[in-house]
Each structure stands twice: as structure tokens, then as C-alpha cells.
Amino acid sequence: MNASRNYYKAQIVGWSGYVLISTGVFILSGKQINISAIGGIYLVFALGLILSHVYRGMIIRLGWLEKDMFRLIPWVLAACVLLAISFHSIYLTIGNFVFNWNIPFKWSDQNLFAWGMLFFIWNLIYFAYIFFQRYRTEEIKNLKLEAAKNEYELRRLRDQMNPHFIFNAMNTIRALIDEDPVKAKNAVTQLSNVLRSSLQTGKQDLIPLEKELQIVRDYLEIEKARYEERLNVEMNIDPKSMSVQIPPLILQTIVENCIKHGISKLPKGGTIRLDVAREEDHVDINIFNDGQFDPDNKSDSSLGMENTRNRLDLSFGKSAWLTIGNQDETRVKTQIHIPIQNTTS
Amino acid sequence: MIRAMIIDDERLARQEIRNLLQNFSDIEIVAESGIVEEALDLIEKENPDLLLLDIQMPGKTGFELLEELDGRAPEVIFVTAYDEYALKAFEVNALDYLMKPVEEDRLRESITKIKKRIAERNENAPPENDGKLDINDQVFLKDGDKCWFVELERVRLFESEGNYVRVYFMDQRPLILKSLNALMERLSDKYFFRASRKHIINLRWVEKVETWFNGGLLVILKDGTKVEVSRRQSVKLKEMMAL
């Protein structure tokens, strides 16, 4: 869009520049100004504009922009010769007809060479711009890729140890030690399980759903100790889906977001429901939580979601997907579709 | 005796602070709450000296709660598990904060500091109190990510900017969402003077008063700021200064 606007600007400025310089040279050389000479200059302007524009259309249609620049050099040179010849013949035909120049077409005419040079300069500017533009977008793309890679690494490390979760859990356990020592003991075990799994499974590419669900259960137990009656959990798991392989901590990340953005924001709390159903060639995982999803919220969790998508993509390509949206006015639905890989199950 | 109030949305977190405070004989817990709206009412009713305040709570954050306080701000100790943004705010402005699970020694340090501050304030406090904010009282100000506890003594000027008021103290000048009229109603007129539609000045900060056009006055504050006093208010100021 912007590049195309720049093209039109450059065309107008370039060819107008030609008119200005030629008129200047003409006046300075002391020649007499007549309609025929001025008309000739404007004819160059109009013809140059039209021919170069048609040529540019051809460049785009032939897909020259996608080709290697160095291979294009002979083609561009040939184009310059062709352009000069057609330009010269049209220029003379119109000039002879309108202004009665009476100049015959001759191969030795030095104007022919001048037009060739003119189009050569045109090509030089055009391709230099394209080359520069391409170089810049390439540069930006590389930088973005680099940044995304770093972000992923960093997040992977931090995801393993969510400090907010750990310290709140510790605080809950501290209070439970006086109040309900048995519950406190259980909470310590559950917290150990979550920490151990996140350390171990971080290194694995895929784990069975059964193992992931155990992490999620332990995780939710700790959060239930913390939020008490404010957190309610429902699970409907299809036993046939237990052996399905999924990337580790995918469900845990989503459940964590459900609490962070849903339950913890509600004074009365709410419910998290986890449905897992096994189909012929895939598993459907639906997670509902009370709260509202805000697609405009660019918090680190939306990055976490992006990260989760990337991990699904890395493991399964396009056959796995994740969507998140508001189910109704009070509930958010997260849906994950995971293909079943051909294992014995 | 320091009258303290605990505000945290998790019952066990409140219980944990209660347990810790049992070891402090001079602290009395007058109220606790897990809901910001309820907490605001309780603060109004109980007028505690100290809040132990969580940051992340459903609906509103601890900072937002302080912003809504209508009157003097009590002493506050923030209690949070881990919050990068809040930590930044604490460190920049030297606010008191504790990390969950709370260490008893750290709690003791904070409480000692706060007891000293409360004692100082009581010493300087005027004998009669009309319930308005005087220069020993502190207020909580928040502008974007930044927040401050400021003793009104340090505030030299309030300037109205549309629906907002700019507060000048030290080298800071945050913008808060309040009207100058509402503010004047809360400030003690012994120390604060409505100079014009646009300004409230702290009389303790006045360095010089000069006559100005059409019977108006020009007040020059100790930091060199010049504030015009409207004609009507000039009469009042002259009366006050004549004493």
C-alpha cells in the first residue's frame, strides 16, 4: 500500500524532473522557444510515464520481484533496449504527425541511446528501492523471529516455576499447619507433586493425558485449599482418553489462567469444569470457567496462550488447535483439539 | 494500642496474619475483610491506625481501595505473595511491604517503624479536631503506575485541571481524579486556603503576599511559585492574615 504510493510519487517527481531539466537546458542553450520544442518535452513526459507504468505492470505480472535480482540483469538490459526502441518510434510518429517534425526513424539516432539511458536509470531506481525495501522487511522478520524465540525460552523457564502460585501456596500451608494439620500435610505433598512434575515434564515433548490430569488435580487441590469455597471443580473424563499423548503442562497452563483471570477476580468465586471426550481420531478437551474473556487484554497470559498454541503446533502441526472465547455472559470456554497419534491404545 | 485491620480476600491468609500479630501485645485487630467494598465501610466505621493490605483482590486492588478512601489514609503495610508491578511501586516510593509467607522479624521491623510514625503524628496533632484533614495527616495518591503516601504538610499547592487536580509536593506533581471543591471540603481551612477557582494553597508555604491588579493579591510560595488570589478571596485572606 505504502510502497505503491511511493511508486506513484516517484513517477510523477521523476518525470516532472526530466521536464524541468530539459526546459532549463533548452532555455540556457539560447535556442528559440517554440511550440514544437516544448511539445516534444511534454511528449517525453507523457510517453515516459505511460511506457514505464506499463513496463512496471509487466514486471509485477511476470513475477520479476520474486526472482533473484542478479539473474534479472540481462532481462532488464534487454527491456531497456526494447523500451527505448518502442519509445523512439512512438515519439517520432506522434511528433511527425502533430508537430510536423519530419524526422525519419534511424538506428543511428543518438536520441535512441538517450532514451535507453533514461529507462536504464528508471530501472536502477526502481529495483534499488525494491531491494532496499525487501532487505528491511527481511531484517524486521529476522528480529521478530529472534525475539519470539527468546520470549519462548524465557517463558518456558518461568512457566516451570510460577512464583505467585508457589508463595501463595506456601502461605496457605503455613496457615493450615495450625488450623488443619492433616490438610496441611496433604497440601505439602500436592505442592511437591506439582513442582516435581513441572521440573521433569518440562524436558519431555509428550506425556500421557493421565499424567497431565494428575498434575492438574494436584494443582487444583492446592488452589482449593487457598480459595476454599470460592473454587469449585468438576471433571468429566473419558477413561478411554487416558493414554492419549499431549505436550506437558498444556492443561495446567490453561487451568492456571482460568483461576488467574476468572475465579480470582470474582468475589464469590466460581466453577472450573474440565470435559475430556475421546473421538475416533482425536480428543476434545473443553474447559469452562466462570468469568469473562477479554480478547483485547494483552497481558502475559495472552502470551502464555500464544505459547501454548505454539507448543501444540510444534507437536502436531495444523491438526491440533486451541480456541478461547466467551461461552455466555458469565462463562469462558477454552477448547483444545488434539489428534490421536497412531500408538497402541 | 494500635488499632489494626486486615484486608485480604483469602480467609487463610487473614488467619495467618492474625496468628502472627498475636505476638504483638500492643496491636489490636479491630476488623478484617475479604471484600474491598465492605472493607471501605469498615475503615470509615472503625477508623483504624493501620491496614495490613493485600494487593490482588477480586474486583479491586489494594491500591484502588486506598484511592477511594475518603479522608486521611491510615498507615499501611502491603502484604503480597509476588507481584512484579507492585514490587516496583514499593521500591520506588519506599512503601512498607511484606512478602507472603510473612517473616515475623520483618513484620516486627515494619511495625516498629509505624509505631514511631504514629507517635510523632499524635505529638504534633492539634488538640481539637474538626474531623478535617490537617497538615499532619497523610493521604494516598495514585497517578498511573505511581503511588505515594504524602503528609499534607509537604503539599504546597493544588491546581485544578479539568476534572483532575494536580498536587504539588517535593519534586512530584501527580494528577488525581477529584474536584477542587470536594477536596476543599475535606481539608482543614486552618491550613489550606482556596485562592481562586483554580488553586488551593497551603498557608504554611506562603513566603510573601503582594498587591496585584484590581485589589487582588499575588501569593508567592516558598518554592517561588506565584499564585493569583481572586478579588473576593483576597478580602478573606487579608482578614485572616490581619490576625
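K.L.:
Before we move on, can you summarise the overall build of chain A with the specific residues and values?
P.N.:
Within chain A, the regular secondary structure consists of nine helices and seven strands. Across the 345 residues in chain A, those meeting the buried criterion constitute 23%. Within chain A, contacts between residues separated by at least 24 positions form 74% of all contacts whose residues are at least 6 apart in sequence.

K.L.:
With reference to specific residues and values, describe the overall build of chain B.
P.N.:
Within chain B, the secondary structure is distributed over seven helices and 15 strands. In chain B, which comprises 243 residues, the proportion classed as buried is 31%. Taking all contacts inside chain B whose residues are at least 6 apart in sequence as the whole, residues at least 24 apart take part in 49%.

K.L.:
Can you tell me about helix α2 (residues 35-61) of chain A, naming the residues and giving the values?
P.N.:
Residues and elements named next belong to chain A. Given a rise of 1.5 Å per residue, 27 residues ought to cover 39 Å, and the 38 Å separating the end C-alpha atoms of α2 matches this to within 8%. For α2, every residue scored as buried is listed here: V44, G48 and S52. Just past α2, the residue G63 takes up positive phi, approximately 70°.

K.L.:
An account of the interface of chain A and chain B is needed here, citing residue identities and associated values.
P.N.:
Interface size is commonly expressed as the accessible area that is lost once the parts come together. Each partner contributes to the interface: chain A provides 19 residues, whereas chain B provides 15 residues. The set of elements that each furnish at least two residues to the side of chain A that touches chain B consists of α5 (163-179) and α7 (209-227) of chain A. The dominant element in the side of chain A that touches chain B, judged by the number of residues it contributes, is α5(A), at 12 residues.

K.L.:
Summarise the sheet that holds strand β4 (residues 75-80) of chain B; cite the residues concerned and give the values.
P.N.:
Residue and element names in this part refer to chain B. Read across the open sheet, the five strands follow the order β2-β1-β3-β4-β5; overall the sheet is parallel. Looking at which strands have only one partner, the edges of the open sheet turn out to be β2 (27-33) and β5 (97-99). Direction aside, the axes of adjacent strands within the sheet are offset by 20° on average. Note: strand β1 (residues 2-7) against strand β3 (residues 50-54), four bridges, orientation parallel. Counted as the bridge partner of A4 is L50 from β3. Where helix α5 (residues 104-124) meets the sheet, it contacts β1, β2, β3, β4 and β5, and its direction lies at approximately 165° from that of β4.

K.L.:
An account of the sheet that holds strand β9 (residues 164-169) of chain B is requested, with residue identities and associated values reported.
P.N.:
All names here are of chain B. Pairing in this open sheet of five strands is antiparallel, and the strands run β10-β9-β8-β12-β11 from one edge to the other. Unpaired on one side and paired on the other, β10 (175-177) and β11 (192-194) mark the two borders of the sheet. Each strand axis lies, on average, 20° off the axis of its neighbour in the sheet, ignoring direction. Pairing between strand β8 (residues 155-161) and strand β12 (residues 199-202): three bridges, direction antiparallel. Across the sheet, residue F158 finds its bridge partner in β12, namely I200.

K.L.:
Describe unusual backbone geometry, listing the residues and the values that go with them.
P.N.:
Trans is the prevailing form of peptide bonds, just as negative phi is the prevailing case for residues other than glycine. All names here are of chain B. In the segment running from K100 into P101, the intervening peptide bond is cis, with an omega of -10°. If you trace the backbone, P101 turns up in the loop between β5 and α5. In this model, M170 sits at a positive phi of 45°, which is unusual for a non-glycine residue. The residue M170 is located in the loop between β9 and β10 in this model. Exposure remark for M170: the 11 C-beta atoms within 10 Å place this residue in the exposed category.

K.L.:
Pulling in residues and values, what's your account of the pairing of β2(B)?
P.N.:
Residue and element names in this part refer to chain B. The pairing of β1 with β2 spans six bridges and is parallel. Paired with A4 across the strands is I29, a residue of β2. Read from β1 through helix α1 (residues 11-21) to β2, the crossover connection turns out right-handed.

K.L.:
How would you explain the nonpolar core if you had to name every residue and give the values?
P.N.:
Ranked by size, the top nonpolar core spans 92 residues in total, and within it A:V255, A:I287, B:L52, B:F78 and B:I201 carry the most contacts. With eight residues, the top contributor of residues to this core is α7(A). Beyond its immediate sequence surroundings of up to four residues, A:V255 is in contact with A:V216, A:Y219, A:L220, A:I272 and A:I287. In terms of nonpolar packing, the next biggest core, distinct from the first, is built from nine residues, A:L83, A:Y91, A:F119 and A:W122 among them.

Calculation criteria
- Residues numbered from 1 in each chain as written.
- Chains lettered and ligands numbered in written order.
- Predicted model: local features only at pLDDT ≥ 70, side-chain atom pairs only at ≥ 80, totals over all residues.
- Helix = DSSP H or I, 4+ residues; strand = E, 2+ residues; numbered from the N terminus.
- Buried ≥ 20, exposed ≤ 12 C-beta atoms within 10 Å, placed from the backbone.
- Contact = placed C-beta atoms within 7 Å.
- Expected span 1.5 Å × (residues − 1).
- Pairing = 2+ DSSP bridges.
- Axes fitted to C-alpha atoms, helices over the stretch in contact; angles between N-to-C directions.
- Right-handed = clockwise from strand over helix to strand, strands pointing away.
- Core = buried A, V, L, I, M, F, W, Y, C linked by C-beta atoms within 7 Å.

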